[in-house]
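Listed below are the residues making up each chain.
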Amino acid sequence: MGILEKIFGKHWGVHPDDHKRPAADLPIKRLPVPPRVYVPLSQHVGALARPIVMVGQDVLKGQCIAEAQGNISSPVHASTSGRVVAIGEIPAPHPSGLPVQAITIASDMEDRWIECEPVADPFSLTPQEIAKRVAAAGIVGLGGATFPSAVKLALGLRSKIRTLIVNGSECEPYLSCDDRLMRDRAEGIIKGVRVILHATGAREAKVGIEDNKPEAIEAMRVAAASFKEITICPVPARYPMGSDRQLIVELTGKEVPSDARAADVGVIVHNVGTAYAVHEAIYHGRPLVSRVMTLNGGAVAQPGNYEVPIGTLVDDLFAFCGGLKGTADRFIMGGPMMGSVLPHLQVPVVKGTAGILALTAAEVAEREPDPCIRCGSCIRACPMGLLPLEMSAHIRADDLPGADDLGLRDCIACGCCAYVCPSHIPLVQYFYHAKGELSARQRAQLRQESSKKLVAARAERLERESREKAEAAARRKAERDAAKKAAAAAAAAEAATAPPSTATAIDGEPA
Amino acid sequence: MTTSALSETLVLPSPHAHGGSSVSRAMTRVQLALLPATLFGFWMFGWPGINIFVITIGSCLAAELLCQRLMQVRSSLGDGSAILTGWLLALSLPPWAPWWIGVLGGLIAIILGKQVFGGIGQNLFNPAMVARVALLVSFPVVMTQWVVPQPINTPSAPGFVDSLRITLSSPAVPDAIASASLLGHTKTEASRGIDLLHSLAAANAPAPSWAGLRAGSLGESASLLLLGGGLFLLLTGVITWHIPVAVLAGIALPALIGHAANPAHYLSAGVHLLSGASILGAFFIATDYVTSPNTTLGQLIFGFFVGLLTWIIRTWGGYPEGMAFAVLLMNAMTPVIDRFVKPRILGRTRAGKPLDIPEEKEA
């Protein structure tokens, strides 16, 4: 970085030490079959998958064991062959460690695949057929968002997509699984990209790779050389370059409106891992049963990238990979900037797990927070153009609507603000808290409004009923009075002229 | 999993990494940046300057310690902010100022300028400037008693023992070494009806100089050294260019126009930039994090008006130097600027509305 750029350059984002090597320089290793896999039913955004196997049933690797339910959902598959031994709750790979529904499979150690249906020429399939196969393979966004990929493909068909952005930027420090995938399996990724292009109708694909991964850029350039619709675009290494909105601006110059989706500006973003999974699903007919993830951190004995069956316990992963050296201050699922702390190691890896980190206290560099000195570092670092210091001041004063007005909902929780904060204020925690509290308040308000509506409706109904009752009573009374009057009149008339009364009686007889 | 373990893991929010910056690191860098100009001031004005420097900082530290004891909060002496406040105040004092100026200044800066607002990060006004203005308004004679530079290695410079006498008993400054700053000289002459062309040409007129060998405050005059310190702060990312450039532009632009129109009445931009607290103020005082706006556009507005007000006060005001007043006035405007100047959020207009979804061109 030149002096001028240092003083006058663009400032959003941060440049953390990437810690990617040496893990990034070792080839991907395949993890052997663990004794048991614990496959959660919800590894994606959307509705829980519904189990379609029973305890005691034998399953093959790649067999669907729970199917998608609802529009936004994804099936899950057995990640090895064996017997289903339990369907029930296990601790979630989440800081809370709260239970999640999962299917436990005791491995038979044979790792036998189910019969797969490869497609020789994917371009003979219609986009709808491709989306259907992608959905059936249980593919979700592997960059960490875990949004069902088929839904995104279908979305692409509805809105006019011009550009497919393939996200290989991998801006989180420590993680190198995408880097490694691009180096080792570039051809598969490019094949997957071409399938996605076909499925979305996009005309061009731009693969964004941060310039700190020259080997990956080279490998992808070679693999994409004969396809002129695919461009490999090195982007400056700057966190969070891998965030959708930032990468779209960097590669296309388009800004996604805050209330819109990328598809609305003609762009769709898929991760390189997702592209590879699409390739596996279409060309080989294999569903998503394993993924490449990075094991890294100062307390890890053998950092590297491993292809791990979905549902493997983090503990088993460590056992195979040489365990720990030194003391880990905390275990993280994901990268250090946005990852979450694991409650313990008895949790499974899931589709969205890009890495498991064992960080030492020195790496985490946690400290007691000091008061804010309004230095503005967080404002310069924020990739969304927010005012983190102002928002946190409002949140501290419990003025959540005030924080909301400042753009709290636009916060992507990337952590840049807290990373640069000289006072070590846990800004992201403030924002998580406020977002949760705001949506809770909103839900409460909706509930309140709907119960208010119900109460009003009830009062209205009661009032109407009593009114109707009163009216009916009045009517009946009027009728009675009228009848009485008529009877009286009739009696009077009868008294006056007796014979017609007989005639009336005879007339009154039914014919 | 037990509840206690649950709450224990929940208080570990992301990110799980930190860039390594800290309040004390920023303060240390600012002090480092001030060091050359400070040492130059020590050399130029000798032992009395060193005395007042030590006394002022000591007073600030004592005041900070006292307040935090009384309020029973965690001591923040280690963050270096109280030292920096005292340092900046000392640099803006006359080098031969008596001891009680330093003590009183330190107490005003820390107690009235900072702690009554709630301590670091809470104050509305720059503490060092609050103290300087309070002293200047209360003790105008003592606060404008400038001396001719007598470098510490020259025979006429006061020795250490003499310096103690100067600082502790504050005798009248002998006429032989009393001097006026350039701004003070021209202001006095102008009030006697002598215009700039004549007052600057007079034999006793101080000359502006980049090196800073001129009468003035302890640490304001070495413009080049201060500029170097400022560049160091820019390069290490402690400050950004917006406020310093805007302040200097705010002084220089009206000075250029005025001087071009009537050189007999308006000092040149060069004289303005090299006099008084221009450089110190632009890089070290107006850039105070706590009391300046937090957006770049806000900082440009803030800085420009600090400069402009400085020029206005120097040109038409009752005081020869206006930087401290200008900074305080704009400190008061900072919340207003921050209220109305906000950065544009990605995907939104400046007004905060979502951007329009672009129309498909071929459709």
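Residues numbered from 1 in each chain as written. Chains lettered and ligands numbered in written order. Predicted model: local features only at pLDDT ≥ 70, side-chain atom pairs only at ≥ 80, totals over all residues. Heavy atoms only, no water.

### Remarks on the sheet that holds strand E4 (residues 58–59) of chain A
Taken in spatial order, the four strands make up an open sheet running E2-E8-E7-E4 (chain A), and their pairing is antiparallel. Bordering the open sheet on either side are strand E2 (36–40) and E4 of chain A, each of which pairs with just one other strand. (Pairing = 2+ DSSP bridges. Helix = DSSP H or I, 4+ residues; strand = E, 2+ residues; numbered from the N terminus.)

### What to know about the interface of chain B and chain A
With 46 residues of chain B in contact, the opposing surface of chain A contributes 68 residues. Together, the buried faces of chain B and chain A total about 4,800 Å²; carbon and sulfur atoms form 60% of this surface. Contact with chain A buries surface across chain B, with His16(B), His18(B) and Leu346(B) losing the most and accounting together for 16% of the total. Seen at the junction of chain B and chain A, the total is four salt bridges. The salt bridge involving Arg344(B) is made with Glu255(A); its shortest N-O contact spans 2.8 Å. At the junction of chain B with chain A, the criterion picks out 19 residue pairs in polar contact (both at pLDDT 80 or more). Of all elements in the fold, only helix H1 (3–10), helix H11 (223–235) and helix H16 (323–340) of chain B reach the threshold of two or more residues within the side of chain B that touches chain A. Of the residues in the side of chain B that touches chain A, the class split is 23 nonpolar, 15 polar and eight charged. (Contact = heavy atoms within 4.5 Å. Buried area = accessible area lost by both parts, 1.4 Å probe. Salt bridge = Lys/Arg side-chain N within 4 Å of Asp/Glu carboxyl O. Polar contact = N/O pair within 3.5 Å; in protein donor to acceptor, adjacent residues only side chain to side chain. Nonpolar A, V, L, I, M, F, W, Y, C, P; charged D, E, K, R; others polar.)

### Observations concerning the sheet that holds strand E11 (residues 230–235) of chain A
Pairing between the strands of a sheet comes from backbone hydrogen bonds, and it takes one of two forms, parallel or antiparallel. Residues and elements named next belong to chain A. Taken in spatial order, the four strands of this open sheet run E11-E10-E9-E12, and their pairing is parallel. For this open sheet the edge positions go to E11 and strand E12 (267–271), each flanked by a neighbour on one side alone. Each adjacent strand pair in this sheet contributes to an overall mean axis angle of 25°, direction not counted. Sheet topology places strand E9 (residues 163–167) next to strand E10 (residues 204–210); five bridges connect them, and they run parallel. By the bridge assignment, leucine 164 is partnered in E10 with alanine 205. Packed onto the sheet, helix H6 (residues 214–224) meets E10 and E11 and runs at close to 170° relative to E11. (Axes fitted to C-alpha atoms, helices over the stretch in contact; angles between N-to-C directions.)

### With respect to the domain arrangement of chain A
Residue and element names in this part refer to chain A. When the domains of chain A are assigned, the result is domain 1 (10–333) and domain 2 (367–460). Look at where the C-alpha atoms of domain 1 and domain 2 centre, and you get two points 30 Å apart. Listed as interface residues are 13 residues of domain 1 and, on the opposing side, eleven residues of domain 2. Run the count over domain 1 and domain 2 and you get three residue pairs in polar contact (both at pLDDT 80 or more). The residue inventory of the side of domain 1 that touches domain 2, partitioned by class, reads five nonpolar, six polar and two charged. (Domains from an automatic or database assignment.)

### A few points about the packing of helix H3 (residues 47–71) of chain B against helix H5 (residues 99–112) of chain B
All names here are of chain B. Direction vectors running N to C along H3 and H5 enclose 35°, while the axes themselves pass 8 Å from each other. Taken as a pair, H3 and H5 cross one another with a handedness that is right-handed. Within the contact between the two elements, H3 uses Ile52, Ile55, Thr56, Ser59, Cys60, Ala63, Glu64 and Cys67 and H5 uses Trp99, Gly102, Val103, Gly106, Leu107, Ile110 and Ile111. Across the contact of H3 with H5, the residue classes tally to ten nonpolar, four polar and one charged. (Left-handed = near helix turned anticlockwise from the far one by under 90°.)

### Remarks on the packing of helix H5 (residues 186–200) of chain A against helix H8 (residues 272–283) of chain A
Residue and element names in this part refer to chain A. Following both chains from N to C, one finds H5 and H8 inclined at 80°, their axes separated by 7 Å at the closest point. Overall, the two elements H5 and H8 adopt an arrangement that is roughly perpendicular. Judged by residue contacts, Gly188, Ile189, Lys191, Gly192, Val193, Val195 and Ile196 of H5 engage Val272, Ala275, Tyr276, Val278, His279, Ile282 and Tyr283 from H8. (Parallel < 35°, antiparallel > 145°, perpendicular 65-115°, else oblique.)

### With respect to the side chain of Thr240(B)
Assignment of secondary structure puts Thr240(B) in the loop between H11 and helix H12 (242–261). Note on Thr240(B): relative accessible area 15%, which makes it buried. In this structure the side chain of Thr240(B) is engaged in a polar contact, spanning 3.0 Å, whose partner is the side chain of His242(B). Setting aside chain neighbours within four positions, we find Thr240(B) in contact with Arg380(A), Leu234(B) and Gln299(B). (Buried < 20%, exposed > 50% of the residue type's maximum accessible area, 1.4 Å probe, protein only.)

### Let's talk about the packing of aromatic side chains
On inspection of all chains with the given rule, the structure shows twelve aromatic pairs over all chains. Centre to centre, the rings of Trp100(B) and Phe139(B) are 5.0 Å apart; their planes meet at 75°, and the pair counts as edge-to-face. Here Trp100(B), found in helix H5, pairs with Phe139(B), found in the loop between helix H6 (127–138) and helix H7 (140–143); they are 39 residues apart in sequence, far enough to count as distant. The partly exposed category is assigned to Trp100(B), whose relative accessible area is 27%. Under the relative-accessibility criterion, Phe139(B) is labelled partly exposed at 27%. Put simply, the rings of Phe42(B), Phe53(B) and Trp87(B) touch in pairs and so form one group of aromatic residues. Above the face of the Trp12(A) ring, Arg238(A) is positioned so that its terminal group lies 4.6 Å from the ring centre. (Phe/Tyr/Trp six-rings, centres within 6.5 Å; stacked < 30°, edge-to-face > 60°. Lys NZ or Arg CZ within 6 Å of the ring centre and 35° of its normal.)

### Comments concerning a positive patch on the surface
Residues and elements named next belong to chain A. A grouping of Arg475, Arg476, Lys477, Arg480 and Lys484 is seen on the molecular surface, where their side chains present a positively charged patch. If you trace the backbone, arginine 475 turns up in helix H15 (residues 427–496). We classify arginine 475 as exposed; its relative accessible area is 52%. (Patch = residues over 30% accessible without salt bridge, like charges linked within 9 Å, V, L, I, M, F, W, Y side chains within 5 Å. Areas by Shrake-Rupley, 256 points an atom, 1.4 Å probe, with all protein chains shown as cover. Lys, Arg positive; Asp, Glu negative; His and termini not counted. Charge placed at Lys NZ, Arg CZ, Asp CG, Glu CD.)

### Remarks on helix H2 (residues 23–45) of chain B
Residues and elements named next belong to chain B. Its 23 residues give H2 an end-to-end C-alpha distance of 32 Å, which sits within 8% of 33 Å, the value for a rise of 1.5 Å per residue. The largest bend along H2 reaches roughly 40° and is located at leucine 35, with the proline proline 36 sitting one to four residues downstream. One or two residues past the end of H2 sits glycine 46, with phi positive at roughly 75°. (Expected span 1.5 Å × (residues − 1). Bend = angle between axes of the 7 residues up to and from the residue.)

### A word on the pattern of salt bridges
All names here are of chain A. Enumeration over the complete set of coordinates arrives at 34 salt bridges over all chains. Linking arginine 464 and glutamate 468 is a salt bridge whose minimum nitrogen-to-oxygen distance equals 3.9 Å. Linking arginine 464 with glutamate 468, this pair stays in helix H15, spanning four residues, or about one helical turn. The partly exposed category is assigned to arginine 464, whose relative accessible area is 31%. Taken together, the salt bridges that share partners define one network made up of Arg21, Asp25, Asp179, Arg183 and Glu215.

### Re the environment of Thr28(B)
All names here are of chain B. Within the fold, threonine 28 resides in helix H2. Residue threonine 28 is classed as partly exposed on the basis of its relative accessible area, which comes to 43%. Sequence separation of threonine 28 and alanine 261 is 233 residues, and the distance between their C-alpha atoms is 44 Å.

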